[in-house]
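Understanding the architecture of this molecule
Each chain, letter by letter, is given below.
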Amino acid sequence: MEPVDSLFRRESGRLVAVLTRIFGVHNLALAEDVVQDAFCRALEVWKFRGYPDDPAAWLMTTARNRALDVLRRERTVRTFAPELGRIFESEWTLVPALDEQFAAYAIHDDMLRMMFSCCHPRLKEDAQVALVLHVLCGFSVNEIASAFVSSHSAIEKRITRAKHVLAGSHRLFDIADPDAFSARLPAVQRALYLLFNEGYHGASPEAAVRGELCREAMRLAGLLEAHALGATPATRALLAMMCLHAARLPARVNADGDLHTLFQQDRSKWDRALVAEGQRLLDLSATGSELSEYHVEAAIAWVHARAPRTEDTEWKSIVAMYDKLMAIRPSPVVALNRAIAIAQLDGPERGLEAIRAIEDSDRLAQYPFYPAAVGELELRRGRPAAARGQFQAALGLARNGAERRFFEQRVKSCGVGSGERPATESA
Amino acid sequence: MSEFLYLYRGAQRPASPQEAQLTMQKWMTWLQELSAKGHIKDNGQPLEPVGKLVSGKQKTVTDGPFAETKDLVGGFSIVEARDLAEAAELSKGCPIFERDGFVEVRPVMKM
């Protein structure tokens, strides 16, 4: 059971998906209006009379009735979904056809259809992610802008353009076509991966927002995993990775919003049920010949999860898996994590060598954990002055209060040196 | 104790499902708190945003009495308070003010 505070969000995605199916993708805006009306009615009625017995069913019925009004009123002036248009023309077939669209199994497919439609090849990855968040998770432009620490106008532009592409695609994605499904599946997995990562590593200062992004990514990945064509080894590995990372969320940030690295976390706070679910999915994913980046990332997360203490971590296998990940999907961030693992295995000097060897390290120029990693290793090899400078650089790049407090602590742990005082955020 | 009618007017529509839900929860909490303190005679009802206006000796029927949505009554409650001052004070906790709406507080005439 999901917490009741995400009820509207969860239902929003389901309702927009089914209504877009009924009205046709070119009428996406109409579907969104109908859904917004349903929420406004719920708000007005429930605030006086309390929750109905089945809030989700109430919202569904309200949206269905409103959709029926729209179809009756506008069927002569507007074209709806091409494959349903004829059926909606006759009063005899209109209501049963509409009710069939609202059946539970149909809605499940509608969500997937929308997820695939949002990952349109004409859209960039960041636009796909924003569109998924907006259409399927019910995030407003403002909510997305705050989650991504971006400006309202930038996100609005991105979403408006993305919706335009989606509405102009004439038809929703056909999930019954296995070839098309397989062809677009990697893009969908990637979008869900990025959505999860934004929640897990993103710059949003609010832990609650980030937990929510992770939860939404897991919900959608779960839908994908529940579908016969979607449940590939890579999808299972992706969901396994999400479970294993999400299991650590409770220990990652404490009640004061302070950040704890993997090394500092109180492992008793890890969510054991999620670890077990992650392990189960990871086992299931080990079929077939495909070894995706999600397999490797999930396996790394699993090695961490099974170590009762940091010092029990099998760094050798972690380094080996980062080597594999570098071969499948190289990136400076992966290389940095690999260097940190090497330092754990072979000592800080080797770790620093690996960091210096990172290609494209200029792409990490704005990433606060890049100088911070160097600082940690300098500190470990007994050079606090050098470490201090690195932590101060990290502090300068910090993206939110939690990161700032964290790097301030690290600067302090280098001892009081002669360097300049770190800038604090307190005004 | 005397009875008062709260007329809820205006208020912007929520911009997202989450906002709608948060607003609703605030209303529920506020009404529950008033109720727990014995101030609620009747939670009241929401009103549809449409209506007819029947007017004149000709009993002409026109659409809606509302020139602007900000004047639109969206619902009402009946509260109990010592006097008008207390009833007005109690209304200050209403979440409608966060969304640019207002509350009209009217004493119910005593027999």
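These notes cover the structure that comes with them. For clarity, every value in this text was computed on a predicted model and none was experimentally measured.

As a further point, take the packing of helix 15 (residues 293-306) of chain A against helix 16 (residues 315-328) of chain A. Residues and elements named next belong to chain A. Relative orientation of the contacting elements helix 15 and helix 16 amounts to 165 degrees, with a least axis distance of 9 Å. As summarised for this structure, helix 15 and helix 16 are arranged roughly antiparallel, according to the angle between their axes. Pair helix 15 / helix 16 crosses with left-handed handedness. Between helix 15 and helix 16, the residues in contact are Glu-293, Val-296, Glu-297, Ala-299, Ile-300 and Val-303 and Ser-317, Ile-318, Met-321, Lys-324, Leu-325 and Ile-328, respectively.

The next thing to look at is the environment of Cys-414 of chain A. By secondary structure assignment, the location of Cys-414 of chain A is in the segment after helix 21 (401-413). Given 21 C-beta atoms within a 10 Å radius, Cys-414 of chain A is considered buried.

All names here are of chain B. The pairing of strand 1 (residues 2-10) with strand 5 (residues 73-81) spans eight bridges and is classified as antiparallel. Within the sheet, the bridge partner assigned to Glu-3 lies in strand 5 and is Glu-80. Here strand 2 (residues 40-46) pairs with strand 5 via four bridges, running antiparallel. Paired with Pro-46 across the two strands is Gly-75, which belongs to strand 5.

Residue and element names in this part refer to chain A. The terminal C-alpha atoms of helix 7 (residues 125-136), which comprises twelve residues, lie 16 Å apart, in line with the 16 Å expected from a rise of 1.5 Å per residue. Most of helix 7 sits inside the fold, with ten of its twelve residues counted as buried. Listing the buried residues of helix 7 in full gives Ala-127, Gln-128, Val-129, Ala-130, Leu-131, Val-132, Leu-133, His-134, Val-135 and Leu-136. The inward-facing, buried residues of helix 7 contact helix 1 (7-23), helix 6 (104-118), helix 8 (141-147), helix 9 (152-167), helix 10 (178-201) and helix 11 (207-225). Remark: Gly-138 follows helix 7 within two positions and exhibits a positive phi of approximately 70 degrees.

Reading the values: the criteria
- Residues numbered from 1 in each chain as written.
- Chains lettered and ligands numbered in written order.
- Predicted model: local features only at pLDDT ≥ 70, side-chain atom pairs only at ≥ 80, totals over all residues.
- Axes fitted to C-alpha atoms, helices over the stretch in contact; angles between N-to-C directions.
- Helix = DSSP H or I, 4+ residues; strand = E, 2+ residues; numbered from the N terminus.
- Parallel < 35°, antiparallel > 145°, perpendicular 65-115°, else oblique.
- Left-handed = near helix turned anticlockwise from the far one by under 90°.
- Contact = placed C-beta atoms within 7 Å.
- Buried ≥ 20, exposed ≤ 12 C-beta atoms within 10 Å, placed from the backbone.
- Pairing = 2+ DSSP bridges.
- Expected span 1.5 Å × (residues − 1).

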